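# A structural walkthrough
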Amino acid sequence: MALGLSRAAEAGIKLTMREHLEALQAIVAGLGLQEFEQAAKVAHEELGFPKHHQAMQREAGATFPPKYHELAMAHHQEAEDLAKVIPSKDLKTILSKLEKTIGACVSCHQAYKS
Ligand code: HEC
């Protein structure tokens, strides 16, 4: 489904999205280097609820369908859950939460385009 965004809102959303991808890279890099604190910080700040406020500011007052909003919230929640398990240093649990976080990206991309 197309969101039919204005050019400004589309530019804002795409900036956020590219940062999301960079955040995933930083999280995987942090896990590889066993820098768990740093990886948890990125998951919370760059993909969790704090990021939602920044994303909304960039979306130039655009309105989104309720289902889109739900998918966005589910993705922030998955990222917060990921941030919470990273300090356990238990890679099996962490990777399972990371997979769910990426799954939330994929779910929205399968449903919506700009
Ligand atoms: C709630 C919906 C939603 C979620 C969640 C979401 N995205 Fe997106 N994403 C979009 C939409 C809409 C576009 C625009 C697609 C298009 O070009 O039509 C997009 C585009 C992108 C792009 C392309 C950006 C560009 O410059 O064209 C990347 C990269 C991306 N998303 C990464 C991610 C990552 C990584 C996550 C998860 C951490 C994520 N997205 C989660 C909705 C979402």
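The structure reproduced in this document is the subject of the present report.

Basis of the calculations
- Residues numbered from 1 in each chain as written.
- Predicted model: local features only at pLDDT ≥ 70, side-chain atom pairs only at ≥ 80, totals over all residues.
- Heavy atoms only, no water.
- Helix = DSSP H or I, 4+ residues; strand = E, 2+ residues; numbered from the N terminus.
- Buried < 20%, exposed > 50% of the residue type's maximum accessible area, 1.4 Å probe, protein only.
- Expected span 1.5 Å × (residues − 1).
- Contact = heavy atoms within 4.5 Å.
- Near = heavy atom within 4 Å.
- Polar contact = N/O pair within 3.5 Å; in protein donor to acceptor, adjacent residues only side chain to side chain.
- Nonpolar A, V, L, I, M, F, W, Y, C, P; charged D, E, K, R; others polar.
- Core = buried A, V, L, I, M, F, W, Y, C linked by side-chain atoms within 4.5 Å.

Another point: the environment of Ala29. Summarising the element assignment, Ala29 is placed in helix H1 (residues 7-32). Overall, Ala29 belongs to the partly exposed group, its relative accessible area being 38%. Expressed as a C-alpha distance, the spacing of Ala29 and Ala39, which sit ten residues apart in the sequence, is 7.9 Å.

With that settled, consider H1. Relative to the 38 Å expected for 26 residues at 1.5 Å per residue, H1 spans 38 Å between its end C-alpha atoms, a close match to the ideal helical length. On the buried face of H1, the contacting elements are helix H2 (36-47), helix H3 (49-58), helix H4 (66-85) and helix H5 (91-111).

Another aspect to go through is the site of the ligand. With respect to spatial proximity, 18 residues lie near the ligand, and among them Met17, Cys105, Cys108, His109 and Ser114 are the closest. Within the side chain of Arg18, an N or O atom sits 2.9 Å from an oxygen atom of the ligand. For the shell around the ligand, the secondary structure elements donating two or more residues are H1, H4 and H5. Looking at the shell around the ligand residue by residue, the class counts come to eleven nonpolar, four polar and three charged.

Glancing now at the nonpolar core. Ile27, Leu31, Leu82, Ile86 and Ile94 are the most contacted members of the largest nonpolar core, which totals 17 residues. Going through the elements one at a time, H1, H2, H4 and H5 are the ones with two or more residues in this core. Here this core takes six residues from H2, the largest share from any one element. Among all residues touching Ile27, those that are not within four sequence positions of it are Ala39, Val42, Ala43, Leu47, Leu82, Ile86 and Leu98. Core analysis: the next-biggest nonpolar cluster, separate from the first, contains eight residues, Leu3, Leu5, Tyr68 and Tyr112 among them.

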